[in-house]
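An overview of the molecular structure
Here is what each chain is made of, one letter per residue.
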Amino acid sequence: MGSKKKKGKRAARNKLYKTSLRWALKGLLKYGDTDLFPRPFELEVMRAHWKKLEPELATLDISNHQWHPPRKLQIPKAELSFRSVCQLEPIDSLLFLAIVKEIGARLEAIRDPHKKRRVYGHRFSPTNDGNLYGKRNSWRAFWQWSRNLARGRNGWVAVVDVMDFYNQIYHHRIENELDRAGVPRPHRSAIENLLKKASQGTSRGIPIGPIPLTSSLSWPYAAFRPWKPGSSPAAMIRVGTST
């Protein structure tokens with residue numbers, strides 16, 4: 001009898017599934033790409049020519065995709081401050097949303113479980129209509145549980161807002177957490193290349209503006225637990241928003 005050939009490790013898929021692309025288009029058409037810029041007219045063009053566009057996007061090697069530089073503007077944050085925001089080119093926005101759809105469950109799996117009521121904010125729970133985060137109102141739940149904790153304790157309640165959080169996120173930390181989550185190599189490469197393009201070569205900072213981009217890339221960065229063993233984690237909760 002001849003010796004059996006050993007099966008090699010299956011290479012990670014470097015193309016996006018058509019179902020992910022269709023879901024991303026549906027989400028962009030219904031919810032838009034950001035709430036900070038006007039709706040791109042290109043979305044309707046993509047819808048009208050989807051039969052031709054879909055096969056091209058489905059054969060694209062995402063690990064080598066050449067992302068476009070995002071559109072950047074300064075917008076008012078408060079009376080005396082501004083924040084830098086960006087908007088992805090529409091095709092790039094669709095591709096990234098499809099990438100998040102395919103890897104979102106892996107990222108969510110390394111986060112503190114929602115049922116422990118310690119980490120609030122956007123949680124991966126995609127719906128059929130293209131919504132990435134489901135219908136749960138995490139902001140309201142965060143404040144309700146915060147009030148419950150405050151009522152049962154004596155002393156002070158500290159509220160902290162991390163200034164310039166997204167611009168201080170180091171890319172290598174995101175890369176390490178994507179690896180820990182088991183995100184396939186082609187998807188990790190696509191995200192790393194997008195970060196480099198958006199930050200113009202610097203090794204920190206994630207784009208603010210595109211909701212799936214800002215929130216999903218901050219998930220793995222904030223996946224660690226901020227309390228020490230033996231402390232009281234029920235007394236410390238946090239919430240993250242897209243901007």
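Residues numbered from 1 in each chain as written. Predicted model: local features only at pLDDT ≥ 70, side-chain atom pairs only at ≥ 80, totals over all residues. Heavy atoms only, no water.

Right, let's get into a nonpolar patch on the surface. Residues Trp139, Trp143, Val157 and Val159 make up a contiguous nonpolar surface patch of roughly 450 Å² in combined accessible area. As for its placement among the helices and strands, valine 157 is situated in the loop between helix H5 (138-151) and helix H6 (171-180). (Patch = residues over 30% accessible without salt bridge, like charges linked within 9 Å, V, L, I, M, F, W, Y side chains within 5 Å. Areas by Shrake-Rupley, 256 points an atom, 1.4 Å probe, with all protein chains shown as cover. Salt bridge = Lys/Arg side-chain N within 4 Å of Asp/Glu carboxyl O. Helix = DSSP H or I, 4+ residues; strand = E, 2+ residues; numbered from the N terminus.)

Okay, helix H7 (residues 185-198) next. Look at H7: 20 Å from first C-alpha to last across 14 residues, which is about the 20 Å you get at 1.5 Å a residue. In terms of burial, H7 is largely enclosed, as 10 of its 14 residues are buried. Along H7, the positions that sit buried rather than exposed are Pro186, His187, Arg188, Ser189, Ala190, Ile191, Glu192, Leu194, Leu195 and Ala198. Positive phi shows up at glutamine 200, right after H7, with a value of about 55 degrees. (Expected span 1.5 Å × (residues − 1). Buried < 20%, exposed > 50% of the residue type's maximum accessible area, 1.4 Å probe, protein only.)

Here we come to the confidence of the model for the protein. Of all residues in the protein, 81% have pLDDT values of 70 or greater, and the mean over the chain is 82. Per-element mean pLDDT across the protein ranges from 66 in helix H8 (residues 211-221) up to 97 in helix H3 (residues 50-58). Note that pLDDT drops below 50 for residues 223-234; the model gives that stretch 20 contacts with residues more than four away or on any other chain. (pLDDT = per-residue confidence, 0-100. Contact = heavy atoms within 4.5 Å.)

Turning our eyes to something else, we now look at the pairing of strand S1 (residues 71-78). Judged from the 7 bridges that link them, S1 and strand S2 (residues 81-87) form a sheet pairing that is antiparallel. Bridged to proline 76 within S2 is phenylalanine 82. Hairpin connection, S1 to S2: the antiparallel pair is bridged by 2 residues. (Pairing = 2+ DSSP bridges.)

Taking 1.5 Å as the rise per residue, H5 with 14 residues should run 20 Å; its terminal C-alpha atoms sit 20 Å apart, in good agreement. Residues Ser138, Phe142, Ser146 and Leu149 constitute the buried set of H5. Down the axis of H5, the buried side of the element spans an arc of 75 degrees, and every buried residue falls inside it. In H5, those exposed residues whose orientation departs by more than 90 degrees from the buried face are Arg140 and Arg151. (Arc of directions from axis to C-beta.)

What follows is about the packing of H3 against helix H4 (residues 90-109). The contact between H3 and H4 brings their axes to 13 Å, and the two run at 60 degrees. Comparing their axes, H4 and H3 come out oblique. In the crossing of H3 with H4, the sense of the turn from one axis to the other is right-handed. Between H3, through Trp50, Leu53 and Leu57, and H4, the contact on the second element is made entirely by Ile91, Leu94 and Leu95. (Axes fitted to C-alpha atoms, helices over the stretch in contact; angles between N-to-C directions. Parallel < 35°, antiparallel > 145°, perpendicular 65-115°, else oblique. Left-handed = near helix turned anticlockwise from the far one by under 90°.)

Turning next to the nonpolar core. The nonpolar side chains of soluble globular proteins are, as a tendency, buried together. Judged by nonpolar contacts, the single largest core of 45 residues is most densely connected at Leu21, Leu94, Ile99 and Ile191. When contributions to this core are tallied by element, the ones reaching two or more residues are helix H1 (18-31), helix H2 (42-48), H3, H4, H6 and H7. Looking at this core, the element that brings in the most residues is H4, giving 9 residues. When residues no more than four places from it in sequence are discounted, the contact partners of leucine 94 are Leu21, Ala24, Leu25, Leu28, Met46, Trp50 and Leu57. (Core = buried A, V, L, I, M, F, W, Y, C linked by side-chain atoms within 4.5 Å.)

The geometry of H4 relative to H7 is characterised by a closest axis approach of 11 Å and an angle of 140 degrees between their N-to-C directions. Relative to H7, H4 is oriented oblique. Crossing of H4 against H7: the hand is left-handed. Every residue of H7 that contacts H4 at Phe96, Ile99, Glu102 and Ile103 is listed here: His187, Ala190, Ile191 and Leu194.

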